[in-house]
2 protein chains.
Amino acid sequence: MSRASERAYAAIRAHVLGGSVAAGDQLTEDQLAQITGVSRTPVREAVRRLEDELLLVRSDTNRLFVADWSRDDIEEMFVLRQMLECHAAERAAKRLSREQIAALEALNRELTAAVEQSPPDVARFLEANRAFHEAIIDAAHSPRLRQLLARLVEAPVVLRTARTYSQDDLRQSARDHDELVAAFAARDADWARAVMGSHLRRAFHTFARAVGPKTEGAANDRDGAEP
Amino acid sequence: MSRASERAYAAIRAHVLGGSVAAGDQLTEDQLAQITGVSRTPVREAVRRLEDELLLVRSDTNRLFVADWSRDDIEEMFVLRQMLECHAAERAAKRLSREQIAALEALNRELTAAVEQSPPDVARFLEANRAFHEAIIDAAHSPRLRQLLARLVEAPVVLRTARTYSQDDLRQSARDHDELVAAFAARDADWARAVMGSHLRRAFHTFARAVGPKTEGAANDRDGAEP
DNA sequence: CGTGTGGGTATTGTATACAAAACGCGCTCG
DNA sequence: CGAGCGCGTTTTGTATACAATACCCACACG
């Protein structure tokens with residue numbers, strides 16, 4: 001993507017995730033153009049991407065708002081991600097080359113190093129984790145699958161929870177990745193799928209624990225515009 | 001979406017699917033602006049959507065081409081659709097109201113009528129079929145799932161194969177839908193999932209039979225730009 | 001009171017002009 | 001002969017002005 005619209009994308013994303021605006025707030029293209037320092041044209045392009053990723057939503061009359069995710073929304077995203085990424089692991093197990101498996105091992109060594117620092121370097125962990133999962137998705141060799149997952153992977157992770165992981169949580173992640181590599185080395189697609197499944201499902205529960213208990217009723221149905 | 005960019009979207013889509021251009025051909029924004037009769041701004045918006053749907057692809061230097069799907073690409077889309085739509089059926093089974101189930105029955109009566117005409121009215125069938133599947137996805141009550149499926153559902157169906165269905169194929173579809181409705185009425189999520197799975201997998205084989213035998217090697221890997 | 005209607009303001013949508021980047025092609029120089 | 005360079009042309013990217021639409025508030029009318 002081109003320079004200005006990429007910059008706008010990153011800036012707006014940071015602005016929204018950084019918490020300078022609250023969920024449900026309205027944003028205007030002019031405002032965002034000022035913040036990002038580019039004109040409305042690339043801003044509109046960036047906004048489209050962020051809508052795709054569901055960080056921003058439009059009202060029925062095309063006004064723009066910061067999305068407001070319920071806990072149920074987030075659980076559903078984890079479920080979908082699990083479904084798709086298990087499939088990716090299965091395909092990857094059949095396709096990874098010896099070199100690619102070695103690369104995964106290296107990534108997980110990096111991840112482990114980040115975890116075993118004291119204190120653990122969460123940013124470094126997250127980057128290694130992202131790279132690890134991305135490598136698997138790449139190896140699945142399915143552009144569609146990659147595209148679908150792109151919308152699901154970053155968003156929940158980034159949702160303020162990053163710093164709530166305990167060192168034990170992080171260590172367990174590293175162990176899961178080790179087992180995943182073992183499954184790949186054995187070319188055992190079923191094993192890979194199962195490990196990926198428990199890995200992601202545990203991630204959901206870690207997340208859920210951090211975010212608080214399940215909401216009573218109030219599963220917000222259709223579009224989530226302002227309050 | 002707004003008028004001009006919607007018009008552009010429909011026109012470009014028709015232009016590509018109508019076969020006025022070959023897979024792999026380059027398109028330019030100016031060209032498309034002329035064809036659609038709007039300026040490049042809404043054309044660019046429309047093109048983004050079509051890129052998302054993978055009908056168009058960009059080269060590494062942002063030139064625009066008509067996508068060229070291999071048989072393997074299409075099989076993978078069916079697999080993904082099956083995975084997601086089975087999930088939708090499962091969720092729908094738990095959520096459909098009595099009225100919604102009645103609505104599905106009505107849609108399938110319409111579909112059956114289209115099939116039992118002689119000759120069968122394929123366009124009418126496709127429309128009823130689309131509405132039936134959409135109603136299920138709606139009932140699953142997951143905006144993310146809906147969004148992901150939107151990219152997978154229309155595209156392969158539309159790919160010239162529509163007219164290759166035999167009357168038996170169409171009848172079997174209608175029967176599948178009947179069974180799906182029965183599963184919903186029984187609130188049996190496992191049954192619904194299983195029926196949806198076989199329904200879509202059979203659709204793939206019908207498609208595959210029409211399109212010809214499996215290709216030997218040559219699974220096109222990365223982006224599918226021109227020859 | 002409540003409802004709806006008007007018009008000024010805010011916001012999004014489209015066209016167009018210009019800037020930046022990529023392509024193609026002929027040329028030079030090893 | 002072939003690889004690399006320069007430069008005009010094509011194509012995409014960005015800014016900006018203007019058009020269309022939605023919003024908001026005040027006021028009239030039932």
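Scroll up to find the structure.
The rules behind each value
- Residues numbered from 1 in each chain as written.
- Chains lettered and ligands numbered in written order.
- Predicted model: local features only at pLDDT ≥ 70, side-chain atom pairs only at ≥ 80, totals over all residues.
- Heavy atoms only, no water.
- Contact = heavy atoms within 4.5 Å.
- Buried area = accessible area lost by both parts, 1.4 Å probe.
- Salt bridge = Lys/Arg side-chain N within 4 Å of Asp/Glu carboxyl O.
- Polar contact = N/O pair within 3.5 Å; in protein donor to acceptor, adjacent residues only side chain to side chain.
- Nonpolar A, V, L, I, M, F, W, Y, C, P; charged D, E, K, R; others polar.
- Near = heavy atom within 4 Å.
- Helix = DSSP H or I, 4+ residues; strand = E, 2+ residues; numbered from the N terminus.
- Axes fitted to C-alpha atoms, helices over the stretch in contact; angles between N-to-C directions.
- Parallel < 35°, antiparallel > 145°, perpendicular 65-115°, else oblique.
- Left-handed = near helix turned anticlockwise from the far one by under 90°.
- Buried < 20%, exposed > 50% of the residue type's maximum accessible area, 1.4 Å probe, protein only.
- Expected span 1.5 Å × (residues − 1).

## Looking at the interface of chain A and chain B
Of the residues lining the interface, 30 residues belong to chain A; the matching set on chain B comes to 29 residues. Together chain A and chain B conceal approximately 2800 Å² of surface at their shared face, both sides included; 51% is due to carbon and sulfur atoms. Counting the contacts that link chain A with chain B gives 10 salt bridges. Between Glu76(A) and Arg91(B) there is a salt bridge, and its shortest N-O distance comes to 2.8 Å. Joining chain A to chain B, the criterion identifies 11 residue pairs in polar contact (both at pLDDT 80 or more). In terms of residue class, the side of chain A that touches chain B is made up of 12 nonpolar, 4 polar and 14 charged.

## With respect to the protein's contact with DNA strand C
Neighbouring DNA strand C are 18 residues, the closest being Arg40(A), Arg44(A), Ser39(B), Thr41(B) and Thr61(B). Per the 4 Å cut-off to the protein, sugar and phosphate atoms form 69% of the nearby atoms of DNA strand C. At a separation of 3.5 Å, a phosphate oxygen of DNA strand C approaches a polar backbone atom of Leu27(A). A distance of 2.7 Å is found between a phosphate oxygen of DNA strand C and a backbone nitrogen or oxygen belonging to Ser39(B). The set of elements that each furnish at least two residues to the surface near DNA strand C consists of helix H3 (40–52) of chain A together with helix H1 (3–17) and helix H3 (40–52) of chain B. Considering every element that reaches the surface near DNA strand C, the biggest residue donor is H1(B), with 3 residues. In terms of residue class, the surface near DNA strand C is made up of 5 nonpolar, 7 polar and 6 charged.

## A look at the packing of helix H5 (residues 98–116) of chain A against helix H6 (residues 122–140) of chain A
For any two helices packed against each other, the geometry comes down to the angle between their axes and how far apart the axes lie. All names here are of chain A. It is the contact of H5 with H6, at a shortest axis distance of 8 Å, that shows an interaxial angle of 165°. Accordingly, the angle class assigned to the pair H5 and H6 is roughly antiparallel. As H5 packs across H6, the resulting crossing turns out to be left-handed. Between H5 and H6, the contacting residues are Gln100, Leu104, Leu107, Asn108, Glu110, Leu111, Ala113, Ala114 and Val115 on the first element and Arg124, Phe125, Ala128, Asn129, Ala131, Phe132, Ala135, Ile136 and Ala139 on the second. Counted by class, the contact of H5 with H6 contains 13 nonpolar, 3 polar and 2 charged residues.

## What about the environment of Asp121(B)?
Residue and element names in this part refer to chain B. Assignment of secondary structure puts Asp121 in the loop between helix H5 (98–116) and helix H6 (122–140). Residue Asp121 is classed as partly exposed on the basis of its relative accessible area of 27%. For the pair Asp121 and Gln167, spaced 46 residues apart in sequence, the C-alpha separation works out to 9.9 Å.

## Details of helix H4 (residues 71–95) of chain A
Relative to the 36 Å expected for 25 residues at 1.5 Å per residue, H4(A) spans 36 Å between its end C-alpha atoms, a close match to the ideal helical length. In terms of burial, H4(A) is largely enclosed, as 21 of its 25 residues are buried.

In short, the description is geometric, and any link to function would need to be established separately.
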